[in-house]
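Summary of structural features
Each chain, written out:
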Amino acid sequence: MQFGHFDDAAREYVITRPDTPLPWINYLGNEEYFAIVSNTAGGYSFFRDPRLRRLTRYRYNNVPLDSGGRYLYVRDDDTGDFWSPSWQPTKGDLDEYTCRHGLGYTIIESQRAGIDVETLYFVPLGETLELWRTRVVNQRDTPARLSLFSAVEFCLWDALDDATNFQRNFSVGEVEVEDGVVYHKSEYRERRDHFAYFGCSEAPVGFDTQSDAFLGPYRGWDRPLAVEEGRSRDSIAHGWAPCGSHHLQLELEPGEARELVFVLGYAENPHDAKFDPPGSQTIDKSRVLPILARYREPAEVEAAFVRLRDYWTDLLGGLQATTPNEHVNRMVNVWNQYQCMVTFNLSRSASLFESGIGRGMGFRDSNQDLLGFVHLAPARARERVLDLAATQLPTGGAYHQYQPLTKRGNDAIGSGFNDDPLWLILATGAYVKETGDVSILQEPVPYDNEEGSETPLYEHLQRALQYTLDRLGPHGLPLIGHADWNDCLNLNCFSETPGESFQTTYREGGSAESVFIGGLFVLAADELAAIAERLGDDPEAAAYVAAGELMSGTVRAQGWDGEWFRRAYDNAGEPVGSSANDEGQIFIEPQGLCVMAGVGVDDGLAARALTSVRERLATKHGIVLVQPAYTRYHLELGEITSYPPGYKENAGVFCHTNPWIVIAETLVGNGDAALDYYLRTNPSSREEISELHRCEPYVYAQMIAGADAPTHGEAKNSWLTGTAAWNLVAITQWILGIRPEHDGLRIDPCLPADWDGFTAERDFRGATLHITVHKQPGTRGRVSSLVVDGERIAGNVVPVQPAGSVVEVVAEIEADGAARTDGRVELGGAHQGP
Ligand code: GLC
Ligand code: GLC
């Protein structure tokens, strides 16, 4: 069952009923001002940091979800009938409803009783505000007298404080209302230099700024008294719960349309020029008034919207593919890239599953997000790499998280997640391979943001690698520390106290080791060797190659279980993820990472490991993380065993890991299996089972409940997940095989047998490449010839082309007589779609 459909040409997902299984959200904003907007206009807005600069209030942890938003109410002043054109919060019947989520904008349109209301929400580029452009059309054959009420609830800035510190909050709320514009200025009288404002292009006949005056006693946002009676209270908030509401009156002839624009914005004043007149307590509004005036002009609003659309057309134009599979096409060309932008911007901070309070920017998360983002906005990627490196510690270790507003490492969660530093090498490598910008490696970057501690970025990467080498355990494998990629495999934790943090509780001197970090180290060592070579540092390059080989040998010798790679050794030296265990015998992560690092690709271990994945972990809804699921709490394993079987790290389909297996399958030459796995978690290909999947069909979710769960196939934690970046990498760089390398763009597809090839457009270092790949359907094989602008070249790397040039690239895939015949090929058509 579906709740809408893709409009591929418009690059929109069109939701056709408001009661989606979960709120289906979109994000507004690309730079500093961000907003979450659901298909019923729920969500909130913030400037840079969803905790410290949250503009509007949102109530997480509610059933049903999604209360609080940017709401409108329409009232028929002749009959007293009123409703929300976005369905929530009144939830009244609508005769028509569509929500179009596009790239950086959302349009909600509905009709009731012959009144059509369409609102476009977006954040103009370069601004710290959002616009709501509302068009009201009277489709009746009689005149309509209408009231329109707007409503937002203001947050008291620090979202944690807003949700907890009522003894203070209920007394500090302050607003000003001037010329119909509501200014929210709680705490502005003291140390804040910023405020929010909410204006409308038309003069309101009334307003409210105190929630309970607008709502009336003991009422909710579903039936505010002011709306019911058609009369604002002109309330001024002193403490309690400041809100912003305008009351507009419209008289519309039959067929007449009216357009209004609401502006909700964030503004900052210089600290010593906050007040006007100086010495008063009144906000100096001189910076805001011109902005409000600008967006009173419909042409300005339209122009800003066109700029936003052009911006996205331009961004996405650098990577487009036309393949035989529509789910591949729409995810690659639109939604997967879009999600990569959102994860780059927000890391894991604000979604319907991330409260915007707890986690800042994750170190490993943000590094991995870059893998799917560098091609979109290299300059921003560069800045992010340097920001991340600046939180690195002198030991080469890393803070696990940092705050986006201050860019400083987060002490509360601290350091000691021993995989963290290695991801910086992969992210930097991806940046340099995409851009060719080796200068970044010489950028001076401090450690722990300490002035004076700067070294070139290159040395940060060297220290990151050394960090692992300085922390090897009894089997010669890397020590895991608090955890590796799997935050829930806490092998040195031993927590018996309810509520204690699995991530920070740590038995000092813990000797648990990670095979996963071993694989990651091999990958990172190769990446750093290539970087060193690029810098002409051959001795270092050779040393990294040697270190990688040594680790690869250790992984093979100590990490191989017979049919798959083990996961780890616990603090007592017992294997984890081994046939010797009664639960948790095989984990997905080392099968993915070790094979990606090339461990066992030549001697058959990799292929064997992937067969084990297929036999033991693959389900029709994706590949689960571990089998058999843990049925009881294991003190020596930590949080992973705290989840019920089938959820999250305990045998859920933790989607982030699935593209690793996709990539691994291409490395052993199995394009059929690779695409098959890719499609199992591709949200578009799951659209038809939306009532089971529940999350948005246009973005990846972190987790799909595994086969051990009663709700097998149900997704959770959509949007902010490394799944986005890794899937884009898997499909574009490994299945389609268009892969940036230091010397050029490699064209190395590994396609399913039934494809006849594909075409793609790829911007690379300033040139535009039109790529055509030919293949006989029914065959398998790799590229046998590459023609660049009519000239056959040796190998399959397109050398760097002059900036500005447009280059035709034609690749032929020759049928490979030696295509796998070991029984794995029949997977081709076997996508056991749900
Ligand atoms: C979450 C975290 C990520 C971690 C993963 C597995 O997605 O954000 O850092 O690797 O869970 O535990
Ligand atoms: C929990 C989650 C895991 C996440 C971690 C972040 O452990 O299960 O996915 O990475 O929290 O702190």
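As the structure is a prediction and not an experimental result, all values here were calculated from the model.

Rules used throughout
Residues numbered from 1 in each chain as written. Chains lettered and ligands numbered in written order. Predicted model: local features only at pLDDT ≥ 70, side-chain atom pairs only at ≥ 80, totals over all residues. Heavy atoms only, no water. pLDDT = per-residue confidence, 0-100. Contact = heavy atoms within 4.5 Å. Pairing = 2+ DSSP bridges. Helix = DSSP H or I, 4+ residues; strand = E, 2+ residues; numbered from the N terminus. Near = heavy atom within 4 Å. Polar contact = N/O pair within 3.5 Å; in protein donor to acceptor, adjacent residues only side chain to side chain. Areas by Shrake-Rupley, 256 points an atom, 1.4 Å probe, with all protein chains shown as cover. Nonpolar A, V, L, I, M, F, W, Y, C, P; charged D, E, K, R; others polar. Phe/Tyr/Trp six-rings, centres within 6.5 Å; stacked < 30°, edge-to-face > 60°. Lys NZ or Arg CZ within 6 Å of the ring centre and 35° of its normal. Expected span 1.5 Å × (residues − 1). Buried < 20%, exposed > 50% of the residue type's maximum accessible area, 1.4 Å probe, protein only. Axes fitted to C-alpha atoms, helices over the stretch in contact; angles between N-to-C directions.

The subject of this paragraph is the confidence of the model for the protein chain. The predicted model of the protein chain averages 96 in pLDDT, with 98% of residues at 70 or higher. Contacts from residues 818–834, a stretch scored under 50 in pLDDT, to residues over four places away or in other chains number 30 contacts.

This next bit is on the sheet that holds strand S27 (residues 575–576). Reading across the sheet, the three strands line up as S25-S26-S27 and stay open at both edges, with antiparallel pairing between neighbours. Each edge of the open sheet is held by one strand with a lone partner, namely strand S25 (513–514) and S27. Looking at chain direction, strand S26 (residues 568–569) and S27 are connected through two bridges and run antiparallel. Each residue of the ladder has a partner; that of Tyr569, found in S27, is Pro575.

So, about the site of ligand 1. Residues in close proximity to ligand 1 include Arg348, Arg359, Arg364, Asp365, Trp485, Asn486, Asp487, Glu649, Phe654 and Gln702, which together make up its full environment. Separating an oxygen atom of ligand 1 from a side-chain N or O atom of Asp365 is a distance of 2.6 Å. A distance of 3.1 Å separates an oxygen atom of ligand 1 from a polar side-chain atom of Gln702. Notes on ligand 1: free accessible area 300 Å², of which the protein chains cover 96%.

In the vicinity of ligand 2, the residues found are Arg359, Asp487, Cys488, Gln503, Glu639, Tyr643, Lys648, Glu649, Phe654 and Gln702. The side chain of Tyr643 places a nitrogen or oxygen atom 2.5 Å from an oxygen atom of ligand 2. Glu649 places a side-chain nitrogen or oxygen 2.7 Å from an oxygen atom of ligand 2. In isolation ligand 2 exposes 310 Å². Once the protein is present, 83% of that is buried. Here the shell around ligand 2 is built from residues that sort into three nonpolar, two polar and five charged.

Here the focus is the packing of aromatic side chains. Going through the model one piece at a time under the given rule, you end up with 40 aromatic pairs. Summarising the aromatic geometry, the rings of Trp560 and Phe565 are spaced 4.9 Å apart at their centres and angled 80 degrees between planes, so their arrangement reads as edge-to-face. Ring pairs connect the aromatic residues Phe3, Phe6, Tyr13, Trp24, Tyr27, Tyr311, Trp312, Trp335, Tyr338, Tyr698 and Trp719, which therefore count as one cluster. Stacked on the ring of Tyr447, the Lys or Arg Arg463 has its end atom at 4.1 Å from the ring centre. If you follow Arg739 out to its NZ or CZ, it ends over the ring of Trp734, 3.8 Å from the centre.

This paragraph deals with the pairing of strand S33 (residues 701–704). Pairing of strand S32 (residues 653–654) with S33, which is carried by two bridges, proceeds in the antiparallel orientation. Note on S33: the bridge partner recorded for Val653 is Ile704.

Between its first and last C-alpha atoms helix H9 (residues 378–390) spans 18 Å; for 13 residues at 1.5 Å apiece the expected length is 18 Å, and the two agree. Listed as buried for H9 are Ala381, Arg382, Arg384, Val385, Leu386, Asp387, Leu388, Ala389 and Ala390.

Attention now goes to the sheet that holds strand S14 (residues 175–178). Taken in spatial order, the 10 strands line up as S1-S2-S9-S10-S11-S12-S19-S16-S15-S14 in an open sheet, and their pairing is antiparallel. In this open sheet, the two strands that pair with only one neighbour each are strand S1 (4–7) and S14. Taken over all neighbouring pairs, the strand axes of this sheet differ in orientation by 15 degrees on average, direction set aside. Pairing geometry for strand S12 (residues 129–138) and strand S19 (residues 257–268), over nine bridges, is antiparallel. When the bridges of S19 are listed, Leu129 appears paired with Gly265. Helix-sheet contacts for helix H6 (residues 298–317) involve strand S2 (12–15), strand S10 (105–112), strand S11 (115–122), S12 and S19, and the interaxial angle to S11 is about 55 degrees.

It is worth spelling out unusual backbone geometry at this point. In this chain, Gln88 is followed by Pro89 through a cis amide linkage whose omega measures 0 degrees. Mapped onto the elements, Pro89 comes out in the loop between strand S8 (82–83) and strand S9 (96–102). The omega torsion of the bond from Gln627 to Pro628 falls at -20 degrees, within 30 degrees of zero and hence cis. Backbone geometry places Trp157, a non-glycine residue, at a positive phi of 75 degrees. When you line up the elements, Trp157 lands in strand S13 (residues 144–157). In this model, Arg694 sits at a positive phi of 75 degrees, which is unusual for a non-glycine residue. Position of Arg694 relative to the elements: it lies in the loop between helix H18 (690–693) and S33. What makes Arg694 partly exposed here is its relative accessible area of 28%.

This next bit is on the environment of Glu256. Summarising the element assignment, Glu256 is placed in the loop between strand S18 (242–252) and S19. Classification of Glu256 as partly exposed rests on a relative accessible area of 28%. Not counting chain neighbours up to four residues away, the residues in contact with Glu256 comprise Val136, Val137, Asn138 and Glu251.

What follows concerns the side chain of His621. Here His621 is to be found in the loop between strand S29 (618–619) and strand S30 (622–623). Residue His621 is classed as buried on the basis of its relative accessible area of 3%.

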